[in-house]
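# What the coordinates show
Listed below are the residues making up each chain.
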Amino acid sequence: MPDKKKQQENKKTDSLKQHIEDSQGQFLTTNQGVRVNDDQNSLKAGERGPSLLEDFILREKITHFDHERIPERVVHARGSAAHGVFRATEDLSDLTKANFLTDPSAETPVFVRFSTVAGSRGSTDLARDVRGFAVKFYTREGNFDLVGNNMPVFFIQDAMKFPDLVHAVKPEPHNEIPQAASAHDTFWDFISNTPESAHMVMWLMSDRAIPRSYRMMEGFGVHTFRLVNAEGRSSFVKFHWKPLLGVHSVAWDEAQNISGKDPDFHRRDLWEAIENGDFPQWQLGLQIVPEEDEHKFEFDLLDPTKLIPEELVPVRIVGTLTLNRNPDNFFAETEQVAFHIGHVVPGIDFSNDPLLQGRLFSYTDTQLLRLGGPNFHEIPINRPLAEVHNNQRDGLMRQTINRGKTAHSPNTMASGCPFQAGTMKGGFTSFPEKIDAQKIRERSKSFFDHFSQAKLFFNSQSEPEKNHLTDALCFELGKVETIAVRERMLNFLLQIDESLAAAVAYKLGMHIPKELTTQLNQTMPADADPEKYRSIVKEGSLTKSKALSMANTVKDSIATRKIAILAADGVNADNLLAVKDAIAAEGALCDVIAPRLGFISGENDTDIPVDKSLLTTASVFYDAVYVPGGTNSVATLEADADAIHFLNEAFKHCKAIAADDDALQVLEATYFARKLPEDNDDDTVSAEGIIIGIDPEELGRQFIDAIRQHRFWDREVPRKVPA
Ligand code: HDE
């Protein structure tokens, strides 16, 4: 096994080993350990007679099978996970006493689960949706769960609305349609009546909702948390995960295609990257706001529909997360892992964000149902590495055999054990925030501006991103059948951007309202100035934020990208191998794709193994395409409808395309023939991510540069390329 492919070991891996069961070389037994001679035939009264109730082997096998499923998560049902490690890059003891953030020499095992939100367990990875990004740190001081998403804000400001939001986005209750999609009436009915969702809706309609890979998306803790240091000083904090590979998405048409052709696209990508030793990495970033600055922003830090623009508070990079081992068993690990936002360690504490506060109740509650009782923390994947000692006892599926006759505190019979840790021994102490308030069921007025950051997000997008966002809204609202919902949404969009509202209205065959037709802010007090609540970005405040646009992400590497090489018998093997080697040297992966599986023979009789046939794969699984020359290969591909479709699609999805000069006729058979770079006297010519050349070395170099750009979105205008 190559070095980088070696399975990574850490303390959590060691702790899981005692639970691993490997049947290699073993006899079949019942669950009671009795050897079984035959579990393929049931016990019958005579050869053709009825089965006998006494067949304990049959009954045990079938009963276990009948109980194999547990309720899927009500949200985030579909997920994939991996093991890894976290290492702090500096000592943050000025900010927190959490050991895993103060000791750069410590490696903290982690288990990370990514998920979609709305779809069922068996739905597709590429739905337009928010992605969960949940990290369990097995720290020396106990488990810390950072249960975040790939978007930094949320739809609602108060946990009380969560069941409504989820009921609205899930398949409609009367017919359980549509699966894993927000493009339906109930979702948009809810949104059009929930102005606080404006900012999140912008994120959801952006390409962030259709990531290229879990490895290429950011993660956010969303809420404001607290860090507390050993002196008891607290700072507010927002958590960020920044992927080293940059933040990239696919095109919507591509996403829909992938959903049909490989619903496991993200799961497979994560699995394969880790198996290949291409360990996904993220940097942990913190935005720190000193306690005394709590009120210095135009928005409230406790409002989860707002982010802190990085221009106002830069993200400080403090650690690295590396995923280096796939789970051994999907159910035992990925399905049974139980995250809870209330799993914190000393040095990390909560803010009063009302959404966060509600989550503190929900997560344990949900595990009780999902995992069958109060002992879910004893399931191997959930067990902390830190020792557990307390007086909790019994319950369904209890594993621990607690000795002794005391299960009470205070006690003298067990000399007071387990002892109260007390602050001196590093135990958890809640931050002693002073609260002097009246009980009210109300929203803070500081939460009332719903549109400024929606506008900020929209304004910060590049032109192609704005187009995609507009198209997404046209698609989603186009699927809405209730006209009143569409009307309300136009009214809603008008608060964000007039041109956006107008573009959507056009596609819906409607007009934007001349003035606000509906009260946009349900929570706006009667005596408030409406101008304030429809206020776009206030004068003097930030109008654009660079970090909000994926166009500004790092584009310095093609590592782990997938490149298709289209070839057939008679291919110029020298060129194919030269470009393939150049790409592989940059850490990307190439598949040779031919009309059939097996081998193709190159012009110089070199046999080249075929990785995929045109029948078993599609351009949507690749980031770029190369067509090498060779008279027979080119003639075959030019006449092959699947090969031409492959190229048309790759062009439509704005991917880098390269071809040897003598393979030009294949490109000329595509719809984008007229977009090919002009032939001049140069050996290599290129335009908008299409590179044609004679010298494979130069062609390879320019092709790699183009792949680094990820996509050539400008190619979409004018959009005249069917695929
Ligand atoms: Fe969750 N959420 N959530 N959520 N959430 C769950 O817990 C809930 C919210 C998030 O991979 C459930 O174990 C409420 C925000 C992730 O296992 C449940 C509210 C954010 C995951 C639950 C929220 C999240 C969950 C379902 C509003 C981003 C998947 C299964 C008050 C910061 C974790 C489960 C995994 C899962 C409740 C809002 C992220 C029902 C009540 C905001 C990543 O407990």
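Right above here is the structure, for reference.
Before going into details, it helps to say that this report is about the structure given with it.

About the thresholds
- Residues numbered from 1 in each chain as written.
- Predicted model: local features only at pLDDT ≥ 70, side-chain atom pairs only at ≥ 80, totals over all residues.
- Heavy atoms only, no water.
- Pairing = 2+ DSSP bridges.
- Helix = DSSP H or I, 4+ residues; strand = E, 2+ residues; numbered from the N terminus.
- Buried < 20%, exposed > 50% of the residue type's maximum accessible area, 1.4 Å probe, protein only.
- Contact = heavy atoms within 4.5 Å.
- Expected span 1.5 Å × (residues − 1).
- Phe/Tyr/Trp six-rings, centres within 6.5 Å; stacked < 30°, edge-to-face > 60°.
- Lys NZ or Arg CZ within 6 Å of the ring centre and 35° of its normal.
- Near = heavy atom within 4 Å.
- Polar contact = N/O pair within 3.5 Å; in protein donor to acceptor, adjacent residues only side chain to side chain.
- Nonpolar A, V, L, I, M, F, W, Y, C, P; charged D, E, K, R; others polar.
- Salt bridge = Lys/Arg side-chain N within 4 Å of Asp/Glu carboxyl O.
- Axes fitted to C-alpha atoms, helices over the stretch in contact; angles between N-to-C directions.
- Parallel < 35°, antiparallel > 145°, perpendicular 65-115°, else oblique.
- Left-handed = near helix turned anticlockwise from the far one by under 90°.

## Some words on the sheet that holds strand β12 (residues 589-594)
- Strand order in the open sheet made by the 7 strands is β15-β12-β11-β16-β17-β19-β18, with mixed pairing throughout. The open sheet has two edge strands with one neighbour each: β15 (612-613) and β18 (684-687).
- Pairing analysis gives 3 bridges linking strand β11 (residues 562-566) to strand β16 (residues 624-627), with the strands arranged parallel. Bridging from a neighbouring strand, Ile563 pairs with Ala624 of β16.

## A closer look at helix α6 (residues 252-261)
- The complete set of buried residues in α6 reads Glu254, Ala255, Asn257, Ile258 and Ser259.
- In this structure, the buried residues of α6 make contact with α7 (265-275) and α17 (641-652).

## Some remarks on helix α19 (residues 696-708)
- For α19, built from 13 residues, the straight-helix expectation of 18 Å at 1.5 Å per residue is met to within 8% by its first-to-last C-alpha distance of 18 Å.
- Those residues of α19 that sit buried are Pro696, Leu699, Gly700, Gln702, Phe703, Ile704, Ala706, Ile707 and Arg708.
- For α19, the elements touching its buried residues are β11, α15 (573-585), β16, β17 (656-660), β18 and β19 (690-693).
- A positive phi of about 70° marks His710, the residue just after α19.

## Digging into the packing of aromatic side chains
- Counted by the stated rule, this structure contains 27 aromatic pairs.
- Centre to centre, the rings of Phe100 and Phe144 are 5.7 Å apart; their planes meet at 35°, and the pair counts as tilted. Placement of the pair is Phe100 in the loop between β1 (79-88) and β2 (107-116) and Phe144 in strand β4 (residues 142-149), with a sequence separation of 44 residues.
- An angle of 25° between the planes, with centres 6.1 Å apart, marks the rings of Phe265 and Phe621 as stacked. Here Phe265, found in helix α7, pairs with Phe621, found in the loop between β15 and β16; they are 356 residues apart in sequence, far enough to count as distant. The pair formed by Phe265 and Phe621 is uniform in burial state, with each residue classed as buried.
- One aromatic cluster is present, built from ring pairs that chain together Phe86, Phe100, Phe114, Phe133, Phe137, Phe144, Tyr214, Phe225, Phe239, Trp241 and Trp282.
- One cation-aromatic arrangement involves Lys136 over Phe339; the distance from NZ or CZ to the ring centre is 5.2 Å.

## What about the pairing of β4?
- Of all the 8 residues making up β4, 8 are buried; the element is thus mostly covered by neighbouring parts of the structure.
- Sheet topology note: the strand β3 (residues 131-139)/β4 ladder contains 8 bridges and is antiparallel. Paired with Lys136 across the strands is Asp145, a residue of β4.
- If you look at the hairpin formed by β3 and β4, you'll find 2 residues sitting between the two strands.

## Some words on the site of the ligand
- Inspection of the region around the ligand gives 24 residues, with Arg73, Arg113, Ser362, Tyr363 and Gln367 positioned closest.
- For the ligand, an oxygen atom lies 2.7 Å from a polar atom in the side chain of Arg113.
- Here a nitrogen atom of the ligand sits 3.4 Å away from a polar atom, N or O, in the side chain of Arg359.
- Contributions of two or more residues to the shell around the ligand are made by β3, β4 and α9 (354-370).
- For the shell around the ligand, the element with the most residues is α9, which contributes 6 residues.
- Of the residues assigned to the shell around the ligand, the class counts are 12 nonpolar, 9 polar and 3 charged.

## Regarding the pattern of salt bridges
- Using the criterion set out here, one finds 36 salt bridges in the structure.
- Arg212 is the partner of Asp269 in a salt bridge, and the nearest nitrogen-oxygen pair spans 3.5 Å. Separated by 57 residues along the polypeptide, Asp269 in helix α7 and Arg212 in the loop between α5 (198-205) and β5 (219-220) bring together distant segments of the chain.
- The partner of Asp293 in a salt bridge is Lys296, with the nearest N and O atoms 3.7 Å apart.
- Under the relative-accessibility criterion, Asp293 is labelled partly exposed at 22%.
- Through salt bridges with shared partners, one network takes in Glu586, Glu698, Arg701, Asp705 and Arg708.

## Focus on the packing of helix α11 (residues 463-478) against helix α13 (residues 498-508)
- Interhelical geometry of α11 versus α13 gives an angle of 40° and a closest axis separation of 9 Å. When the axis of α11 is compared with that of α13, the two are oblique. Judged by the twist between their axes, the crossing of α11 over α13 is right-handed. Along the contact surface, α11 presents Leu469, Thr470, Leu473, Cys474, Leu477 and Gly478, while α13 presents Leu500, Ala503, Val504, Lys507 and Leu508.
- Tallied by class, the residues present in the contact of α11 with α13 amount to 8 nonpolar, 2 polar and 1 charged.

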